[in-house]
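For reference, the chains in residue letters:
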Amino acid sequence: MFLNIRTFVLALFISSTALAQQTETTKIDSLGPGKNIGNISIGPYFPIAFGDNFANNGLDLKMGARFSFKINTIEDLYVGPYFSFFKSNVSNPELIGNYFRSNNYVFGGMVNYEKHIGDFDASIGLGIGYSTYRNHATGDNFSDTATAVWLNPEVSYRFSNYLGVYASTELRHDFMNVNVPNELKDTFNGANYLNISFGLRINLGTAHKYM
Amino acid sequence: MRRKHLFQYFLLGMVLLFQSCEVDIMNDKRVLVTGTIVNSDNNPIPNISVRSQTTRNAILGEAISDENGQFEFTSLMSKPPYNFYIAVNSKPFGEIWYYHYDTELIENIDYSAKAFYDETSNRNATTYNLGVIQLNKYAKLNLHINNIPGDTNTLEFKLDYDSAICRVDLNGNDFNQCEDEDFEFRFLDSEYSDIYMNVESQLGSTVDFIYKLNGEPEQSISIPLTNPENTYVFEY
């Protein structure tokens, strides 16, 4: 709940920044063809695990949220930070250990190739980040950590110059750091996800006006 | 005065804060616990609970033996200095040192229990294969020590026996070897007349009653536990 409020406040802040930028750039609109600065995507995040691993066989995954901030670098390449989280309940403690809840957080960065076609934007991105599972056991918490990599195709539609909606899928693998015996390596060596997210996209820059 | 209370509340808050931050489970670590539970005739015992836990009572993993007496589960691992325990047929406990005489901790009272422990700071093991765990039936000895009235005898004694919840070192060689148990040493002077004691042990084992009467050389009596409930009267 607290995290949701924080996410909401962050979204408000980013929105207000975008609106402020819209006011400032009105003056320079007449000066040139405009510029793509980048975009911010924020929305709910639906994790779907697959394969023979602890996430698919031992966790009941719940909704989370996703945030990405892409900055245009050269031509159609964008880079920027990425954050996502989701919650889960432990459904098979005999398989993965006796704890009851796990929240996953990923902090990382992405490189995206993005194309603008009319009111639509299509992009494909590669990301890498630090993934941590904050696990809640009886009277105690502990963590499992991993390196996450993901491939992220995304489409978005602009309904105004600066605002739009996006939908994305994310094929993600977590390379787990958990020390286990050979018998448990299939379960704990890694986790696979096909995650879905959609939500609000804030486009920064004036390029869309001149398309 | 109010400032003094404010400082006290602050101190209390800090204590509670650090208390709640105490962590006794290792990050990025799982172990596999396996074994087979049999009775004294080597027949498998189903539906016996097996739990791994920390000193602070947190359950790290648990399973129930199947119809073949086998169990297997993934466990979290306690972080030193907290101990790592695997309790077979026992309810969760805080410290086995304090509770191992208390048969209220035994879940299935038809059988004895075992408490495996690892008190070392080396937690590199990733598998705890407990092998074949033999659980003897539970047995109790009601011991009555009677000082015949009028005599002025003194008696020193101790009792050696296998506890109903026997302790086994996970770093030891034989998982079926209970650590030696001995009841507290007692000295009875002439003011004592009747003493009643309960010893909770395992069917088929013996209780060694070792005593010195009036400071004479040590003598020993072996009391076999042949029934779930046994009575022995020692008169002097």
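What counts and what doesn't
- Residues numbered from 1 in each chain as written.
- Chains lettered and ligands numbered in written order.
- Predicted model: local features only at pLDDT ≥ 70, side-chain atom pairs only at ≥ 80, totals over all residues.
- Helix = DSSP H or I, 4+ residues; strand = E, 2+ residues; numbered from the N terminus.
- Buried ≥ 20, exposed ≤ 12 C-beta atoms within 10 Å, placed from the backbone.
- Contact = placed C-beta atoms within 7 Å.
- Core = buried A, V, L, I, M, F, W, Y, C linked by C-beta atoms within 7 Å.
- Domains from an automatic or database assignment.
- pLDDT = per-residue confidence, 0-100.

Per an unreviewed UniProt entry, chain B carries the name Carboxypeptidase-like regulatory domain-containing protein and comes from Aequorivita xiaoshiensis.

Asks: Can you help me understand the overall build of chain A in this one?
Replies: What chain A contains, in helices and strands, is 4 helices and 9 strands. The linear arrangement of helices and strands in chain A, starting from the amino end, is α-β-β-α-β-β-α-β-β-β-β-α-β. Burial analysis of chain A (211 residues in total) assigns 39% to the buried set. Relative to all contacts within chain A whose residues are 6 or more apart in sequence, the contacts with residues 24 or more apart total 62%.

Asks: When you look at the overall build of chain B in this model, what are you seeing that I'm missing?
Replies: Within chain B, the regular secondary structure consists of 2 helices and 16 strands. Looking at chain B as a whole, 33% of its 236 residues are labelled buried. Within chain B, contacts between residues separated by at least 24 positions form 69% of all contacts whose residues are at least 6 apart in sequence.

Asks: Mind showing me how you'd approach the nonpolar core here?
Replies: Nonpolar side chains in soluble globular proteins tend to end up buried together. All names here are of chain B. Core analysis: the largest hydrophobic core is formed by 82 residues, its most contacted members being Ile86, Val88 and Val207. Built from parts of two domains, this core gets at least three residues from each of domain 1 (23-134) and domain 2 (138-163 + 173-235). Those residues in contact with Val207 that sit more than four places away from it in its chain are Leu141, Leu159, Tyr161, Val199, Ser201, Ile223 and Leu225.

Asks: What am I meant to see in the confidence of the model for chain B here?
Replies: It should be kept in mind that the predicted coordinates are not to be read in detail where pLDDT is low. All names here are of chain B. Summarising the model, chain B shows a mean pLDDT of 83, and 83% of its residues fall at 70 or more. The low-confidence segment residues 17-21, where pLDDT is below 50, has 0 contacts with residues more than four positions distant or belonging to other chains. Here the complex is predicted with pTM 0.80, and the ipTM for its interfaces comes to 0.79.

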